[in-house]
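# Structural characterization, general
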Amino acid sequence: MKRILASILLLLPLWISASNLDIDSLRADVDSLKTMISLKADTLKMKIADRADTRSSTRWIGQLIKRNFDLNAPGIDYPRFPRAVVKIYNWANETFNSYDSLYVVNAPGNWKATVNSNNQITSSSLSFPHSDYEINMSSRPYSDLSASLSFLCLSVSASVNINKLIGRPVTRHSFNFDFTTSRISGNISSTSSSGGMRIMRIGEHQFGIKDAIPLEDMSIKSLTGEIFYIFNHRRYSRAAAYSFSKFQRRSAGTWVAGLSFARQSINMDFSALEEKYLETLPDGRTEYSFHYNDYTLLGGYSYNHVIRPCKWMFNVGARLSVGYKHVYEGEIDGRHNIIANDITAVAALLYNHRNFFASISSRFNGYLYYTASYTNFTTYIRFTATAGVRF
């Protein structure tokens, strides 16, 4: 018995050592298995995420359409880039387009479909300070009919030249770009025409619309732009009057200030007129050319008068620009640099009924060019009638 116990005591350390070795090996196997499972799980998560992104990249557009293009509607699975674009848009909208809801509220719908009738009249006059002699010229109305479809700040449009349709073609081109936020507004406008002018007065001779003297030897090119800050941007909305994306609930006005630019190129030739008119021209001069750039500071005031909240509203505003005029052609008394004086005036009458809206608006731009011998004042008057629907 003693021998058996002695043998057991001798073998016990070896058995315990072998057991420890198996336990350590088993632990190593378990750790390895855990690592493999973790790697498999991570790989599976990445595949699921990739499939989700792939599915989202094809599904989010449909989700957006079902929610009537409400960018912030719940349940839209944006991929990374569209999600970043929406975040940037929301930040810009909150920063630059926020209002006091007691005065201004958003109009319903992100889409707008409109029909527009655009009409412009250009006039130019020459006056001579040392006499009562004047030459006043005015164009026939330049008319376009256009239709546009807008989503938020994006828009596409197509237009038809009405002058061609009624058999009064005039070589002309026009371009208008306008943007507005609660704080900042601006626009760029370009127009050019050749011919289509009528002399309404030359010296002592005055004419009506029917018997005005045609003047085809006259061309006008104009490029203008302005950007200004709206000081009372919490309560006054320019978008309510001209973009149809807001409702003005209470009357409010604001001062504005900013920068403006104008490039004018005007050429007129009276040599084709009848002799009885040529004889009256000062100094026998038959040709005049003006080519100049205006760099100006602008200031003014605009007011939204609410006739009936969210229904009827009238807008009026005026801006005066003063600055530096550089003359390229037609030297002014030996100088090429003089003071620039420009003026802009706007007005609009707006009607809203649920998602339908209609408006009549006008815009006046005047540019002054003067020397010791004569003064030229050129104006552009634009009338626009608009009807549309939001959805």
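Just so it is clear, the model here is predicted, and its values are computed rather than measured. (Residues numbered from 1 in each chain as written. Predicted model: local features only at pLDDT ≥ 70, side-chain atom pairs only at ≥ 80, totals over all residues. Heavy atoms only, no water.)

For the rest of this paragraph, the subject is the overall build of the protein chain. Secondary structure assignment for the protein chain yields five helices and 18 strands. When burial is assessed residue by residue, the protein chain has 37% of its 391 residues classed as buried. Restricting the contact set of the protein chain to residue pairs at least 6 apart, pairs at least 24 apart contribute 66%. In the form shown here, the protein chain has an accessible surface area of approximately 22,800 Å², with 61% of it arising from carbon and sulfur atoms. (Helix = DSSP H or I, 4+ residues; strand = E, 2+ residues; numbered from the N terminus. Buried < 20%, exposed > 50% of the residue type's maximum accessible area, 1.4 Å probe, protein only. Contact = heavy atoms within 4.5 Å. Areas by Shrake-Rupley, 256 points an atom, 1.4 Å probe, with all protein chains shown as cover.)

With respect to the helices and strands, Ser 302 occurs in strand 14 (residues 287-308). Its relative accessible area of 5% is what places Ser 302 among the buried residues. Non-local contacts of Ser 302, meaning those with residues more than four positions away in its chain, are made with Tyr 236, Gly 253, Thr 254, Val 316, Gly 317 and Arg 319.

This paragraph deals with a nonpolar patch on the surface. On the surface, a cluster of nonpolar side chains totalling about 960 Å² of accessible area is made up of Tyr 229, Phe 231, Trp 255, Tyr 301, Tyr 303, Ile 307, Trp 312, Phe 314, Val 316 and Leu 349. Position of Trp 255 relative to the elements: it lies in strand 13 (residues 252-269). Take Trp 255: its relative accessible area is 57%, and that puts it in the exposed class. (Patch = residues over 30% accessible without salt bridge, like charges linked within 9 Å, V, L, I, M, F, W, Y side chains within 5 Å. Salt bridge = Lys/Arg side-chain N within 4 Å of Asp/Glu carboxyl O.)

This part is about the nonpolar core. Leu 126, Met 137, Ile 202, Met 268, Phe 270 and Phe 290 are the most contacted members of the largest nonpolar core, which has 31 residues in total. Residue assignment for this core shows that the elements contributing at least two residues are strand 3 (134-139), strand 8 (197-202), strand 10 (213-215), strand 11 (218-230), strand 13, helix 5 (275-278), strand 14 and strand 17 (356-370). Leaving out residues up to four positions away in the same chain, Phe 270 has contacts with Leu 126, Ile 135, Met 137, Ile 199, Leu 215, Leu 278, Leu 281, Thr 286 and Tyr 288. If you look at the next biggest cluster of nonpolar residues, it comprises nine residues, including Tyr 99, Val 104, Ile 230 and Val 256. (Core = buried A, V, L, I, M, F, W, Y, C linked by side-chain atoms within 4.5 Å.)

Counting across every chain of the model gives 17 aromatic pairs. Their ring planes at 10° and their centres at 6.1 Å tell us that Trp 111 and Phe 391 sit as a pair that is stacked. Separated by 280 residues along the polypeptide, Trp 111 in strand 2 (residues 111-127) and Phe 391 in the segment after strand 18 (375-390) bring together distant segments of the chain. For Trp 111, a relative accessible area of 18% corresponds to the buried category. The class of Phe 391 is partly exposed, set by a relative accessible area of 42%. With centroids separated by 5.6 Å and ring planes inclined at 50°, the aromatic side chains of Phe 261 and Tyr 295 adopt a geometry described as tilted. (Phe/Tyr/Trp six-rings, centres within 6.5 Å; stacked < 30°, edge-to-face > 60°.)

Evaluated as defined, the whole model comprises six salt bridges. The salt bridge involving Asp 294 is made with Lys 325; its shortest N-O contact spans 3.0 Å. With Asp 294 in strand 14 and Lys 325 in strand 15 (residues 312-329), the pair connects residues that are 31 residues apart, well separated along the chain. A network of salt bridges, in which partner residues are shared, links Glu 226, Arg 319 and Arg 363.

So, on to the environment of Asn 293. Topologically, Asn 293 is positioned in strand 14. A sequence separation of 70 residues divides Asn 293 from Leu 223, and the C-alpha atoms of the two residues are 9.4 Å apart. What Asn 293 contacts, discounting residues up to four positions off in sequence, is Phe 261, Ala 262, Arg 263, Tyr 324, Lys 325, His 326 and Tyr 328. Within polar-contact distance, the side chain of Asn 293 engages the side chain of Tyr 328 at 3.3 Å. (Polar contact = N/O pair within 3.5 Å; in protein donor to acceptor, adjacent residues only side chain to side chain.)

Detailed conclusions should not be drawn from predicted coordinates in areas where pLDDT is low. Averaged over the protein chain, the pLDDT score is 82; the fraction of residues at 70 or greater is 79%. The spread of mean pLDDT over the elements of the protein chain runs between helix 1 (residues 2-66), the lowest at 56, and strand 13, the highest at 96. Segment residues 14-21 is flagged for pLDDT under 50; beyond a separation of four residues in sequence, or across chains, it makes zero contacts in the model. Every residue in residues 52-56 scores below 50 in pLDDT, and together they form three contacts with partners more than four places removed in sequence or on other chains. (pLDDT = per-residue confidence, 0-100.)

Bringing unusual backbone geometry into the picture now. It is generally the case that most residues other than glycine have a negative phi and that most peptide bonds are trans. Unusually for a residue other than glycine, Cys 310 sits at a positive phi of about 60°. For Cys 310, the position within the fold is in the loop between strand 14 and strand 15. Classification of Cys 310 by relative accessible area gives partly exposed; the value is 27%. A positive phi angle is found at Arg 354, which is not glycine, with a value near 55°. Secondary-structure assignment places Arg 354 in the loop between strand 16 (337-353) and strand 17.

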